[in-house]
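Structural overview for review
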Amino acid sequence: MTPPAAVNPSSKPGVIVMAINPAASFGRTRHAGDHAAAQFRAAGRDVVVLQAGNYLNLRRLVDQTLAGAAVAALVVVGGDGMVHLGVNALAGGEVPLGIVPSGTGNDVARLLGLPLHDTPAACRLILGAMASGGRRIDAGRVTADGQSTFFVGVLSAGFDAAVNERANSWRWPRGKSRYNLAMLKELGSFRRIDYVVTADNVTWRQPALLISVANGQYIGGGMRITPDASPDDGLLDLFVVKPLSRMRFLMVFPKVFAGKHTSHAAVEIQRVRTVRLEAEGVVAYADGERIGSLPVDVHVVPNALRVLA
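Treat the numbers as computed from the prediction; the structure is a model and nothing was measured. (Residues numbered from 1 in each chain as written. Predicted model: local features only at pLDDT ≥ 70, side-chain atom pairs only at ≥ 80, totals over all residues. Heavy atoms only, no water.)

For Val76, the position within the fold is in strand β3 (residues 71-78). On the accessibility criterion, Val76 (1% relative accessible area) is buried. Setting aside its immediate chain neighbours within four residues, Val76 contacts Ala19, Met82, Val83, Gly86, Leu97, Gly98, Ile99 and Val100. (Helix = DSSP H or I, 4+ residues; strand = E, 2+ residues; numbered from the N terminus. Buried < 20%, exposed > 50% of the residue type's maximum accessible area, 1.4 Å probe, protein only. Contact = heavy atoms within 4.5 Å.)

What follows is the structure in structure tokens.
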């Protein structure tokens, strides 16, 4: 079979390093990595495909490859977990990040306006952005237990993180319905949390159902919790939901998908640069990945990452 001719190859030198989700072995997206590699090669690019049995080994492969080759871009194929891997491999450097969204949540892809579950369209966008240089975005940097991690979407600490913890323990159902079902299960036993919050050097006690620190807008596969958050304004959005009854929470919840919840009296959002969250028995998640127990310290890192979007 004669391969297709190169179409508008990018002039940027180096290989495209492509990291594929280790869990992408089933469902409609299991061939997304192969299809993406074929698209890039058809455009005249050299592609190095990285796969491993788990995320830790894949991250090691990514780091080794970035250190030992002339790399034009790192492209991750998967959902927010793969984006998290790419962000932490590249933050603070000049190699850009491309995303072929094929996960269940894809909240960072939504934030950046990328085509979801459309591999050819995602690849065309990446190639075009390689030619134009892409865009710079901020990142959040969270420190917990002496370890620092970057995120570009949302850090959650409270009810939403507990839902993540529950949903991540299930293999079925997939997609948005898994998060929604986990939320309903968690709601039956969840109680308010008494936080100590320090934001931009001001400290106060804050009873709440949840607190999130957002660089982006979305969590849970499309819930637009901070609809005015921008990933390139040099600020983070501190999102607080004060204690509500279960019935009132369920009345507010449907509004979150459209970002229409922000006028509710229990919801507060403020722009900050640094946040410290303290509470007993609370776990934090960032971009859907488990960070660790509170306390956590978060600060914004302006222009931390170049993305092909």
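That was the structure; now back to the text.
Locating Ala131 in the fold gives a position in helix α5 (residues 119-132). With 143 residues separating them along the chain, Ala131 and Thr274 place their C-alpha atoms 35 Å apart.

This brings us to the pattern of salt bridges. On inspection of all chains with the given rule, the structure shows 9 salt bridges. Here Glu94 and Arg136 are joined by a salt bridge, their closest N and O atoms 2.7 Å apart. Note that Glu94 is positioned in the loop between α3 (80-90) and β4 (97-101) and Arg136 in strand β5 (residues 135-144), a separation of 42 residues in sequence. Residue class for Glu94 comes out exposed when judged on its relative accessible area of 56%. Where Arg110 meets Asp107, a salt bridge forms, and the shortest distance between an N and an O atom there is 3.4 Å. You can see Arg110 and its partner Asp107 sitting in helix α4 (residues 107-112), 3 residues apart, about one turn around the helix. (Salt bridge = Lys/Arg side-chain N within 4 Å of Asp/Glu carboxyl O.)

Here α3 lies mainly inside the structure; 11 of its 11 residues are buried. Considered for burial, the residues of α3 that qualify are Asp80, Gly81, Met82, Val83, His84, Leu85, Gly86, Val87, Asn88, Ala89 and Leu90. A positive phi of about 90° marks Gly92, the residue just after α3.

With that settled, consider the nonpolar core. The tendency in soluble globular proteins is for nonpolar side chains to be buried side by side. Counting 50 residues, the largest nonpolar core has Leu155, Leu238, Leu277 and Leu294 as the members making the most contacts within it. Among the elements that make up this core, the one with the highest residue count is strand β13 (residues 236-241) (5 residues). Formed by 30 residues, the second largest nonpolar core is a distinct cluster that contains Val76, Leu114, Phe150 and Ala304. (Core = buried A, V, L, I, M, F, W, Y, C linked by side-chain atoms within 4.5 Å.)

What the rule picks out here adds up to 3 aromatic pairs. When the centroid spacing of 5.2 Å and the interplanar angle of 75° are considered together, the rings of Phe159 and Phe249 count as edge-to-face. Residue Phe159 is located in helix α6 (residues 159-168), and its partner Phe249 is located in helix α8 (residues 246-252); the two are separated by 90 residues in the primary sequence. Here Phe159 matches Phe249 in class, with each residue buried. Aromatic pair Phe253 and Phe257: ring centres 5.6 Å apart, planes at 80°, arrangement edge-to-face. The rings of Phe159, Phe249, Phe253 and Phe257 are connected pair by pair, giving a single aromatic cluster. (Phe/Tyr/Trp six-rings, centres within 6.5 Å; stacked < 30°, edge-to-face > 60°.)

Across all of its chains, the model carries 2 cavities of 30 Å³ or more by this definition. Of the voids in this model, the largest cavity is the one considered here, and its volume is about 210 Å³. Along its surface, the largest cavity is lined by 18 residues, and Leu210, Val241, Phe249, Phe253 and Val256 are the ones closest to its centre. Here the residues of the lining of the largest cavity are counted per class, giving 15 nonpolar, 2 polar and 1 charged. Estimated volume of the second largest cavity: approximately 40 Å³. Lining of the second largest cavity is provided by Trp204, Gln206, Leu238, Val240, Glu268, Ile269 and Gln270. If you list the elements that add at least two residues to the lining of the second largest cavity, you get β9 (202-208), β13 and β14 (267-272). A total of 3 residues in the lining of the second largest cavity trace back to one element, the largest contributor, which is β14. For the lining of the second largest cavity, the residue count by class is 4 nonpolar, 2 polar and 1 charged. (1 Å grid on protein atoms, 1.4 Å probe; cavity = no way out; pocket = protein on both sides within 12 Å on 5 of 7 lines; lining within 4 Å. Points joined across faces, edges and corners; volume = space filled by probe spheres on them. Nonpolar A, V, L, I, M, F, W, Y, C, P; charged D, E, K, R; others polar.)

Glancing now at the packing of helix α1 (residues 32-42) against α5. Taken N-terminus to C-terminus, the directions of α1 and α5 make an angle of 40°; their axes are 9 Å apart at the nearest point. In terms of orientation, α1 and α5 fall into the oblique class. Viewed along their axes, α1 and α5 form a crossing whose handedness is right-handed. Contact residues: α1 offers Ala32, His35, Ala36, Gln39 and Phe40, while α5 offers Thr119, Pro120, Cys123, Ile126 and Leu127. (Axes fitted to C-alpha atoms, helices over the stretch in contact; angles between N-to-C directions. Parallel < 35°, antiparallel > 145°, perpendicular 65-115°, else oblique. Left-handed = near helix turned anticlockwise from the far one by under 90°.)

Here we take up the pairing of strand β16 (residues 283-286). The alternating pattern of β16 places Val283 and Tyr285 and Ala284 and Ala286 on opposite faces, both of which are buried. The pairing of β16 with strand β17 (residues 289-293) spans 4 bridges and is antiparallel. Following the sheet pairing, Ala286 is matched in β17 by Glu289. Linking β16 to β17, which pair antiparallel, is a turn of 2 residues; within it Asp287 sits at a positive phi near 50°. (Pairing = 2+ DSSP bridges.)

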